[in-house]
Amino acid sequence: VQLQASGGGLVQPGGSLRLSCAASGSIYRLDRMSWYRQAPGKQGELVASITRDDETSYADSGERRFTISRDNAKKTVYLQMSSLKPEDTAMYYCRVSGLTQGFAPLDKWGRGTQVTVSS
(Lines give C-alpha, C1' and ligand atoms only; values in the text may rest on other atoms or scores of the structure.)
Protein backbone atom coordinates (compact mmCIF):
# COMPACT_ATOMS: atom_id res chain seq x y z
CA VAL A 1 0.00 0.00 0.00
CA GLN A 2 1.31 3.43 -0.94
CA LEU A 3 0.20 6.92 0.02
CA GLN A 4 1.00 9.84 -2.25
CA ALA A 5 0.55 13.24 -0.65
CA SER A 6 0.56 16.42 -2.69
CA GLY A 7 -0.58 20.03 -2.65
CA GLY A 8 1.90 21.56 -0.26
CA GLY A 9 3.93 24.64 -1.04
CA LEU A 10 4.73 28.21 -0.14
CA VAL A 11 1.77 30.48 0.53
CA GLN A 12 1.37 33.94 1.99
CA PRO A 13 -0.41 34.48 5.31
CA GLY A 14 -4.14 34.50 4.75
CA GLY A 15 -3.84 32.24 1.73
CA SER A 16 -5.25 28.79 1.05
CA LEU A 17 -3.97 25.37 0.08
CA ARG A 18 -5.62 22.04 -0.61
CA LEU A 19 -3.68 18.92 0.31
CA SER A 20 -4.45 15.56 -1.23
CA CYS A 21 -3.39 12.08 -0.24
CA ALA A 22 -4.15 9.19 -2.57
CA ALA A 23 -3.90 5.59 -1.45
CA SER A 24 -3.10 2.76 -3.82
CA GLY A 25 -2.18 -0.88 -3.72
CA SER A 26 -3.69 -3.89 -2.04
CA ILE A 27 -6.55 -2.18 -0.25
CA TYR A 28 -9.81 -3.84 0.68
CA ARG A 29 -11.23 -1.03 2.78
CA LEU A 30 -10.16 2.33 4.11
CA ASP A 31 -11.63 3.31 7.46
CA ARG A 32 -10.21 6.35 9.22
CA MET A 33 -8.17 8.82 7.17
CA SER A 34 -6.26 11.55 8.95
CA TRP A 35 -3.89 14.45 8.55
CA TYR A 36 -1.09 15.13 11.03
CA ARG A 37 1.56 17.81 11.02
CA GLN A 38 4.95 18.35 12.56
CA ALA A 39 6.70 21.69 12.76
CA PRO A 40 10.48 21.90 13.25
CA GLY A 41 11.38 21.38 16.89
CA LYS A 42 7.82 20.54 17.86
CA GLN A 43 5.88 17.42 18.55
CA GLY A 44 3.65 16.04 15.85
CA GLU A 45 -0.06 16.68 16.21
CA LEU A 46 -3.31 15.50 14.73
CA VAL A 47 -4.92 18.10 12.49
CA ALA A 48 -8.09 16.39 11.36
CA SER A 49 -9.61 12.96 10.91
CA ILE A 50 -12.52 11.50 8.95
CA THR A 51 -14.21 8.12 9.17
CA ARG A 52 -15.62 6.02 6.38
CA ASP A 53 -19.05 7.41 7.29
CA ASP A 54 -17.73 10.97 6.90
CA GLU A 55 -17.67 11.73 10.59
CA THR A 56 -15.02 14.37 11.09
CA SER A 57 -12.99 15.54 14.03
CA TYR A 58 -10.57 18.41 14.30
CA ALA A 59 -7.77 19.35 16.63
CA ASP A 60 -8.49 23.06 16.69
CA SER A 61 -10.73 24.18 19.48
CA GLY A 62 -11.81 27.49 18.08
CA GLU A 63 -12.08 28.88 14.59
CA ARG A 64 -12.40 26.27 11.92
CA ARG A 65 -9.91 27.08 9.18
CA PHE A 66 -9.33 23.55 7.92
CA THR A 67 -11.79 21.11 6.36
CA ILE A 68 -11.13 17.43 5.84
CA SER A 69 -12.99 15.40 3.24
CA ARG A 70 -12.59 12.14 1.34
CA ASP A 71 -13.48 10.48 -1.93
CA ASN A 72 -13.86 6.76 -1.30
CA ALA A 73 -13.97 5.89 -4.98
CA LYS A 74 -10.62 7.59 -5.49
CA LYS A 75 -9.25 6.39 -2.14
CA THR A 76 -8.21 9.97 -1.49
CA VAL A 77 -8.38 12.25 1.52
CA TYR A 78 -8.21 16.02 1.26
CA LEU A 79 -7.40 18.86 3.61
CA GLN A 80 -8.66 22.28 2.58
CA MET A 81 -6.75 24.91 4.49
CA SER A 82 -7.72 28.56 4.52
CA SER A 83 -6.67 31.72 6.36
CA LEU A 84 -3.25 30.17 6.76
CA LYS A 85 -0.93 31.54 9.41
CA PRO A 86 2.86 31.30 9.77
CA GLU A 87 2.33 28.91 12.68
CA ASP A 88 0.69 26.47 10.26
CA THR A 89 4.11 25.93 8.68
CA ALA A 90 4.91 22.25 9.04
CA MET A 91 5.30 18.96 7.24
CA TYR A 92 1.84 17.51 6.78
CA TYR A 93 1.39 13.74 6.82
CA CYS A 94 -1.59 11.65 5.92
CA ARG A 95 -2.42 8.43 7.70
CA VAL A 96 -4.95 5.76 6.78
CA SER A 97 -6.27 2.72 8.53
CA GLY A 98 -8.39 -0.13 7.27
CA LEU A 99 -7.90 -3.59 5.81
CA THR A 100 -5.70 -4.93 3.05
CA GLN A 101 -7.09 -7.25 0.41
CA GLY A 102 -5.68 -10.08 2.50
CA PHE A 103 -7.84 -8.79 5.38
CA ALA A 104 -4.80 -7.79 7.39
CA PRO A 105 -5.00 -4.60 9.46
CA LEU A 106 -3.77 -1.57 7.60
CA ASP A 107 -2.18 1.46 9.29
CA LYS A 108 -0.07 3.45 6.88
CA TRP A 109 1.62 6.84 6.95
CA GLY A 110 2.43 8.90 3.90
CA ARG A 111 5.78 10.63 3.36
CA GLY A 112 4.46 14.11 3.92
CA THR A 113 4.09 17.34 2.03
CA GLN A 114 5.65 20.60 3.19
CA VAL A 115 3.49 23.63 3.88
CA THR A 116 5.26 26.95 4.40
CA VAL A 117 3.32 30.08 5.27
CA SER A 118 5.44 33.17 4.86
CA SER A 119 5.37 36.60 3.30
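Starting afresh in each chain, residues are numbered from 1 along the sequence in its written order. Side-chain atom pairs in this predicted model are given and counted only at pLDDT of 80 or more, local residue features only at pLDDT of at least 70, and totals for whole chains, interfaces and linings cover all residues. Side-chain measures were taken over the full set of non-hydrogen atoms in the model, leaving aside hydrogen atoms and water.

*Asks:* Help me understand unusual backbone geometry, please; the structure alone is not making it clear to me.
*Replies:* Leaving glycine aside, a negative phi is the common case for residues, and trans is the common case for peptide bonds. A positive phi angle, near 70°, is found at Asp-54, a position not held by glycine. A run of H or I in DSSP counts as a helix once it spans at least four residues, and a run of E counts as a strand once it spans at least two, with each numbered from the N terminus. Residue placement: Asp-54 occurs in the loop between β5 (45-50) and β6 (56-58). Take Asp-54: its relative accessible area is 47%, and that puts it in the partly exposed class. Although it is not a glycine, Ser-83 sits at a positive phi angle of roughly 50°. Exposure is judged per residue with a 1.4 Å probe applied to protein chains only, and the accessible area is read against the type maximum: over 50% gives exposed, under 20% gives buried, and values in between give partly exposed.

*Asks:* Could you clarify how one ought to interpret the pairing of strand β1 (residues 2-6) in this entry?
*Replies:* A regular strand places its side chains on the two faces of the sheet in alternate fashion. The two faces of β1 differ: Leu-3 and Ala-5 on one face are buried, but Gln-2, Gln-4 and Ser-6 on the other face are not. Where β1 and strand β3 (residues 17-24) come together, five bridges link them in antiparallel fashion. Looking at the pairing, Ser-6 lines up with Ser-20 of β3. Pairing between strands is defined by DSSP: at least two bridges between the two strands are required.

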